[in-house]
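The lines below spell out each chain.
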Amino acid sequence: NPFKKKVVHKSEVPRSKRSIGTKLVGMTLLMVITPLAVSNIASLTYMNRNYVEEMEVNNGVLADAIAHQVAAYVERAYMITEQLSLNNDVRNYNGLEQSAVIANTARNNSFFDLIYVTDDTGMQTARSAGRVADRSDRWWFQRVNETKESFVSHSYLSLTGNNAVATIAMPVYNYNLTYLGVI
């Protein structure tokens, strides 16, 4: 039948025609995929490098902000402690008067874990909370008692609550500048 379409099997197509078609498809795919892959790799490399640089900058900014906040926090606590060391009720070494002043200070400044005053032997004369005790064996008392200088310690874990704390310790003097103890 002249009108019947002849079905040609793949095996009957000449190899040269098949390889030209395959080559054209391969070349077209290569021309599309290669620039796309190169572009994506370049973009990812650039973005990754920028991301790392940006993260380093952001981390530096965050670290500076935290450092400034901690410094302001410690400075505020230091100034309050210094004011207490100059307070007349603290300097008179009347335990009841000292307790009232430091308990009020602790209530108004919740970041203080504990405030207390010792005499020059290390015996506490007042505390913002709890019972007074002998603190002559404590490193902070010994340091101020020997040097007669204020200091701020590195952070450490407190004995009472196992919380991270820092100590601000200052000598207390009377009006004649005689050393009385530590706050």
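Our subject is the structure listed above.
Per chain, residues are indexed from 1 in the order of the written sequence. At least 70 in pLDDT is required for a residue's local features to be given in this predicted model, at least 80 for side-chain atom pairs to be given and counted, and no such filter applies to totals for whole chains, interfaces and linings, which use all residues. Hydrogens and water molecules were not included; the side-chain quantities draw on all heavy atoms of the structure.

Caption draft 1: Structural view of the overall build of the chain. Think of it this way: any DSSP run of H or I at least four residues long counts as a helix, any run of E at least two long counts as a strand, and we number them from the N terminus. Counting its regular elements, the chain contains four helices and eight strands. Ordered by position from the N terminus, the helices and strands of the chain form the series α-α-α-β-β-α-β-β-β-β-β-β. Compactness check: the chain gives a C-alpha radius of gyration of 39 Å against a globular reference of 16 Å for 183 residues, more than 25% above the reference. Principal axes of the C-alpha set define a box for the chain whose edges measure 130 × 30 × 30 Å. Residues classed as buried in the chain amount to 25% of the 183 residues present. Here the globule rule reads 2.2 Å times residues to the power 0.38, and the radius of gyration is calculated from C-alpha atoms. Throughout this description, buried means an accessible area under 20% of the type-specific maximum (1.4 Å probe, protein chains only), exposed means over 50%, and partly exposed covers the range between.

Caption draft 2: Region of the structure containing the packing of aromatic side chains. Ring pairs are drawn from Phe, Tyr and Trp, using the six-membered ring of Trp, whenever the two centres fall within 6.5 Å, and their geometry is named by plane angle: stacked under 30 degrees, edge-to-face over 60, tilted for the rest. Counting across every chain of the model gives seven aromatic pairs. Both rings, one in W140 and one in F141, keep their centres 6.4 Å apart while their planes meet at 90°; by these two values the pair is edge-to-face. The pair W140 / F141 is uniform in exposure class, with both members buried. Each member of the aromatic cluster is reached from another via a ring pair, and the members are Y73, F111 and F112.

Caption draft 3: Inspection of the nonpolar core at higher detail. We call a set of buried Ala, Val, Leu, Ile, Met, Phe, Trp, Tyr and Cys residues a nonpolar core when their side-chain atoms join them within 4.5 Å. Membership of the largest hydrophobic core comes to 16 residues, with the highest contact counts inside it found for L84, V90, I102, I115 and I183. Working rule for contacts: check all heavy atoms of both residues, and any pair within 4.5 Å makes them a contact. Discounting residues that sit within four places of it in the chain, L84 has contacts with V90, V101, I102, T105, I115 and I183. With eight residues, the next largest nonpolar core counts W140, F141, A169 and Y179 among its residues.

Caption draft 4: Seen up close, the pairing of strand β1 (residues 116-119). Of the two faces of β1, the one holding Y116 and T118 and the one holding V117 and D119 are both buried throughout. Strand pairing is defined by DSSP finding a minimum of two bridges between the two strands. A loop of four residues connects β1 with strand β2 (residues 124-127), the two strands running antiparallel in sequence, and G122 in this loop sits at a positive phi of about 100°. Inspection of the sheet shows β1 paired to strand β8 (residues 179-182) by two bridges, in the antiparallel sense. Residue pairing across strands places D119 opposite G181, the latter belonging to β8.

Caption draft 5: Just the pattern of salt bridges, in detail. A carboxyl oxygen of Asp or Glu within 4 Å of a side-chain nitrogen of Lys or Arg is what we treat as a salt bridge. For the structure shown, the criterion picks out one salt bridge. Here R138 and D137 are joined by a salt bridge, their closest N and O atoms 3.9 Å apart. What makes D137 exposed here is its relative accessible area of 56%.

Caption draft 6: Main features of helix α4 (residues 139-147). Among all positions of α4, only W140, F141 and V144 are buried. Taken around the axis of α4, the buried residues stretch over an arc of 100°, which confines them to a single face. Immediately beyond the C-terminal end of α4, within one or two residues, lies K148, with a positive phi of roughly 60°. Within this analysis, the arc is defined by the directions that extend from the helix axis to the C-beta atoms.

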